[in-house]
Amino acid sequence: GEGNMGSTPPPPEDIFDSPKEEDGLPSDLRQATEQAAQALNAAYERGETFQRVGLLIEEMVRGAKQNTDLQEPRVLSRVGAAFAATANFQKTKYLFANVGSSMQHKKWLEEKDPERVSVSSLDRPQAIDGSEDLIVMIQPDIFSLKNVRELVDKIEGMPFENRPAVIMLNENFGDQEDKGEGFLNVPQLETTQARRLKTKFVVTYFLEQVLSRQAGIIVLFKKYPEPWKLFVADDGAYKLVQTTIREPSDEEIYDSVATFNRNKQGRRLWRSFRWRRQVEGLLDNFGIPKPFEDNVKRF
């Protein structure tokens, strides 16, 4: 409210605990997983084969050290599993970026439901036998890009009714600005290929929490079919500062947050000005001279 306008944004841990406007932001990681599954299913029912999900949350980064369930690959696998359950898919194939990750997660994924689940890695070419209903690619990286592209090409070549659903979660194909010169000898072509690949995927769910020195906590949120929303933590709540049809660029995010902060400072000045006017009104009623009026003799 107006009384606590001087309060600082909540610390990162409070991202999910603070009150919010009715804006669809999830209140915890479990709800985010459910929302992602709903968004994936809604888009799938409208004929979207290739979908992307981004879940970039402080809670995973901090919590993973104490709790293996908060490890990023596990959280992302649960998104795949929730989508499979919602859409009633019979067979799901989980593909991790490399053989190390796939071995690490194979046991707990397969022992849950060995009939319906298989696990492999993207550092080797992947065969599709047509029995899969869902392909879940978890954190594919620049080294698995070639195999990811070949897999997507294969699926695109299948008759539409036979295609599995494909979701790509938290992909990291290297920085878009990085042209690849000298970076592990990855040619510039790779980033172009990565961008081209990503255009085939529709972003159906995205939740990113950024801690910035200028603006405190910023949250970028997308849930299909709704537009992208940008929130800033302010006075213990998340204020919606921008809505866009397509994903906003870093520059657009920066501009929106800067404008919000300028307006906020303006609002603070106006509040203090209004308060001063109210006090002066009271002073008038009591017949007391206003403070600092020029015609009042100073002692």
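Scroll up to find the structure this text is about.
As a starting point, this report considers the structure included with it. (Residues numbered from 1 in each chain as written. Predicted model: local features only at pLDDT ≥ 70, side-chain atom pairs only at ≥ 80, totals over all residues. Heavy atoms only, no water.)

Further remarks concern the overall build of the chain. Helix and strand counts for the chain come out as seven helices and nine strands. Counting all 299 residues of the chain, 42% fall into the buried class. Counting only contacts in the chain whose residues sit at least 6 apart along the sequence, the fraction spanning at least 24 positions is 64%. Looking at the chain as shown, the accessible area adds up to about 16800 Å², and 51% of this sits on carbon and sulfur atoms. (Helix = DSSP H or I, 4+ residues; strand = E, 2+ residues; numbered from the N terminus. Buried < 20%, exposed > 50% of the residue type's maximum accessible area, 1.4 Å probe, protein only. Contact = heavy atoms within 4.5 Å. Areas by Shrake-Rupley, 256 points an atom, 1.4 Å probe, with all protein chains shown as cover.)

This next bit is on the packing of helix α3 (residues 72–87) against helix α4 (residues 99–112). The geometry of α3 relative to α4 is characterised by a closest axis approach of 11 Å and an angle of 35° between their N-to-C directions. Between α3 and α4 the crossing geometry is right-handed. Here Pro-73, Arg-74 and Ser-77 of α3 come into contact with α4, specifically with His-105, Trp-108 and Leu-109. Its residues assigned to classes, the contact of α3 with α4 comprises three nonpolar, two polar and one charged. (Axes fitted to C-alpha atoms, helices over the stretch in contact; angles between N-to-C directions. Left-handed = near helix turned anticlockwise from the far one by under 90°. Nonpolar A, V, L, I, M, F, W, Y, C, P; charged D, E, K, R; others polar.)

The tally for this structure, following the rule as stated, stands at six aromatic pairs. Between Phe-206 and Trp-228, the ring centres sit 5.2 Å apart and the planes meet at 55°, which makes this aromatic pair tilted. Taken together, the residues Phe-206 in strand β6 (residues 202–212) and Trp-228 in strand β8 (residues 228–234) connect sequence positions 22 residues apart. Accessibility classification places Phe-206 together with Trp-228 in one group, the buried group. A network of ring pairs unites the aromatic residues Tyr-44, Phe-83 and Phe-89 as a single cluster. (Phe/Tyr/Trp six-rings, centres within 6.5 Å; stacked < 30°, edge-to-face > 60°.)

Most of strand β7 (residues 216–223) is tucked away, with eight of its eight residues classed as buried. One ladder, built from four bridges, connects β7 with β8; its direction is antiparallel. Among the inter-strand pairings, Ile-218 is bridged to a residue of β8, identified as Val-232. Hairpin connection, β7 to β8: the antiparallel pair is bridged by four residues. (Pairing = 2+ DSSP bridges.)

All right, on to the environment of Ser-131 then. Within the secondary structure layout, Ser-131 lies in the loop between β3 (117–121) and β4 (134–138). On the basis of relative accessibility, which here comes to 33%, the residue Ser-131 falls in the partly exposed class. Separated by 38 residues in sequence, Ser-131 and Lys-93 place their C-alpha atoms 9.9 Å apart. A distance of 2.7 Å separates polar atoms of two side chains, one belonging to Ser-131 and the other to Asp-129. (Polar contact = N/O pair within 3.5 Å; in protein donor to acceptor, adjacent residues only side chain to side chain.)

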